[in-house]
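# Summary of structural features
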Amino acid sequence: MADILGAEVDEEGFLVNLSDWTKEIADSMAKDDDIELSEEHWDVINFLRDYFEEYQIAPAVRVLTKAIGKKFGKEKGNSKYLYSLFPYGPGKQGCRFAGLPKPTGCI
Amino acid sequence: MAIKKFMYLNRKASYGTVYAIESLEVVLIAAAFEQDVSLAFVDDGVYQIVEGQNTDGIGMKNFSKTYHALGDYDINKLYVSAESLEERGLTEADLMPLVYEDEDDDWAEKPSIKVVSNADLTKIMSEQDVCLSF
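## Quick notes on the overall build of chain B
Summing up its helical and strand segments, chain B has 3 helices and 7 strands in all. Ordered by position in the sequence, the α and β elements of chain B form the string β-α-β-β-α-β-β-β-α-β. Its C-alpha atoms give chain B a radius of gyration of 14 Å, within 12% of the compact-globule value 14 Å for 134 residues. Over its C-alpha atoms, taken along the principal directions, chain B stretches across nearly 45 × 30 × 25 Å.

## Description of the overall build of chain A
Scanning chain A from N- to C-terminus turns up 5 helices and 2 strands. The secondary structure elements of chain A, listed N-terminal to C-terminal, are β-β-α-α-α-α-α. Taken over C-alpha atoms, the radius of gyration comes to 13 Å for chain A, in line with the 13 Å a tight globule of 107 residues would show. With respect to the principal axes defined by its C-alpha atoms, chain A has extents near 40 × 30 × 25 Å. Contacts in chain A between residues at least 24 apart in sequence constitute 50% of all its contacts with a sequence separation of at least 6.

## Some remarks on the confidence of the model for chain B
Mean pLDDT over chain B works out to 95, with 100% of the residues at or above the 70 mark. Here the complex is predicted with pTM 0.87, and the ipTM for its interfaces comes to 0.81.

## Some words on the sheet that holds strand β3 (residues 78-81) of chain B
Residue and element names in this part refer to chain B. The strand order β6-β3-β2-β1-β7 describes an open sheet built from 5 strands, whose pairing is parallel. Two strands lie at the open edges of the sheet, namely β6 (113-116) and β7 (130-133), each paired on one side alone. Strand after strand, the sheet turns through a mean of 25° between neighbouring axes, direction not considered. Pairing of strand β2 (residues 36-41) with β3 involves 3 bridges; the strand directions are parallel. Note that in β3 the partner of Phe-41 across the bridge is Val-80. Sheet strands touched by helix α3 (residues 118-126): β1 (5-10), β2, β3, β6 and β7. Its angle to β3, the strand with the most contacts, is close to 140°.

## Some remarks on the interface of chain A and chain B
On the side of chain B, 12 residues touch chain A, which itself brings 10 residues to the contact. Looking at the side of chain A that touches chain B, the elements with two or more residues in it are α2 (39-55) and α3 (61-72) of chain A. Its residues placed into classes, the side of chain A that touches chain B shows 5 nonpolar, 3 polar and 2 charged.

## Considering helix α1 (residues 23-32) of chain A
All names here are of chain A. Turning to α1, its buried residues are Ile-25, Ala-26 and Met-29. The arc that holds the buried residues of α1, viewed along the axis, is 100°, so those residues lie on one side. Facing away from the buried side of α1, by more than 90 degrees, are the exposed residues Lys-23, Glu-24 and Lys-31. As for α1, its buried residues are in contact with β1 (3-4), β2 (7-8), α2 and α5 (92-97). Asp-34 lies just past α1 and shows a positive phi near 60°.

## Observations regarding the pairing of β2(B)
All names here are of chain B. Counted residue by residue, β2 has 5 buried out of 6 residues, so it is predominantly covered. As paired elements, β1 and β2 share 6 bridges and run parallel to each other. Opposite Leu-9, over in β2, you have Ala-40 as the bridge partner.

## A word on the environment of B:Thr17
Note on placement: B:Thr17 falls in the loop between β1 and α1 (19-30). Sequence-wise, B:Thr17 and B:Glu87 are 70 residues apart; in three dimensions their C-alpha atoms are separated by 21 Å.

## Quick look at the nonpolar core
As a rule of thumb, nonpolar side chains are buried together in soluble globular proteins. A:Leu48, B:Val27, B:Ala40, B:Phe41 and B:Tyr73 are the most contacted members of the largest nonpolar core, which totals 48 residues. Looking at this core, the elements that each hand over two or more residues are α1, α2, α3 and α5 of chain A together with β1, α1, β2 and β3 of chain B. When near neighbours in sequence (up to four residues on either side) are disregarded, A:Leu48 contacts A:Ala58, A:Gly94, A:Cys95, A:Ala98 and A:Leu100.

## Examining the packing of α2(A) against α3(A)
Residues and elements named next belong to chain A. In contact at an axis separation of 11 Å, α2 and α3 are set at 115° when each is read in the N-to-C sense. Remark: the crossing between α2 and α3 carries right-handed chirality. Here α2 contributes Asp-43, Val-44 and Phe-47 to the contact with α3, which in turn contributes Ala-67, Ile-68, Lys-71 and Phe-72. Considering only residue class, the contact of α2 with α3 consists of 5 nonpolar, no polar and 2 charged.

Procedures and definitions
All residue numbers refer to position in the chain's written sequence, counted from 1. Ligands are numbered from 1 and chains lettered from A, in the order in which they are written. Per-residue local features are limited, in this predicted model, to residues with pLDDT of at least 70; the limit for side-chain atom pairs, both in listing and counting, is 80 or more; totals at the level of whole chains, interfaces and linings are taken over all residues. Only DSSP runs of H or I reaching four residues or more are called helices, and only runs of E reaching two or more are called strands; each is numbered from the N terminus. Radius of gyration: over C-alpha atoms. The globule rule applied is 2.2 Å multiplied by the number of residues raised to the 0.38 power. In this description, any two residues whose backbone-derived C-beta atoms lie within 7 Å of each other are considered to be in contact. The score called pLDDT rates the predictor's confidence residue by residue, from a low of 0 to a high of 100. At least two DSSP bridges between two strands are needed for those strands to be called paired. To obtain each axis, a line is fitted to C-alpha atoms, and for helices this fit is confined to the stretch in contact; angles are then taken between N-to-C directions over 0 to 180 degrees. Polarity classes work like this: nonpolar for Ala, Val, Leu, Ile, Met, Phe, Trp, Tyr, Cys and Pro, charged for Asp, Glu, Lys and Arg, and polar for all others, with Gly in that last group. Residues with at least 20 neighbouring C-beta atoms inside 10 Å of their own are called buried, those with 12 or fewer are called exposed, and the rest are partly exposed, where every C-beta is derived from the backbone. Directions from the helix axis toward the C-beta atoms define the arc. Throughout this description, the term nonpolar core refers to a group of buried Ala, Val, Leu, Ile, Met, Phe, Trp, Tyr and Cys residues whose C-beta atoms join them within 7 Å. A clockwise turn of the near helix away from the far one marks a right-handed crossing, whereas an anticlockwise turn of less than a right angle marks a left-handed crossing.

Next up, the structure:
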């Protein structure tokens, strides 16, 4: 089984135990995808983690887009902005960095 | 694609069988298709949205918090059978205060739950294009 900084991940790179997550793991996952995590990335990652804590699910992209726009301003509430941060998909890649399972309904 | 009216009918309690969580997952996945979705809670299904669930003793995941996310998914028609509540000694006050934000009304929070008689529910069901029972 593969691991990142000693934390076990599944075949798609998602953490097996959500409690293993650290900021360093997120940084390391991003680095493997050639991404340097900026404050804007962390806004989304932290939002995803808060959402999961509150509702026990990762939000669908549509829900995430709407909520980010509401929280951080309209110019950020669109998929173009979110894909510029997470080119492999804000749901899939963002949730992976955030240490969450793949969003429900995400293929 | 024409929008169809989908109703998910929930008849069983949250834990003990897999029906409740499977229904919830299907509802959330299907929400991506932007259809006209409503949920109905009848018989023991009313227990799914009772406030204050605690699964510590049975070692299962407490997924009741997830019902609060339904509003984000534009699922805001949750019909609850008045008779089913009464038969179990429950009232609307025992249910989770599930709300949604109305985009057309300056994001005002509005209740998603409507307690209806079985006769009214029968009528609502007859207006659906698709009814899925769990």
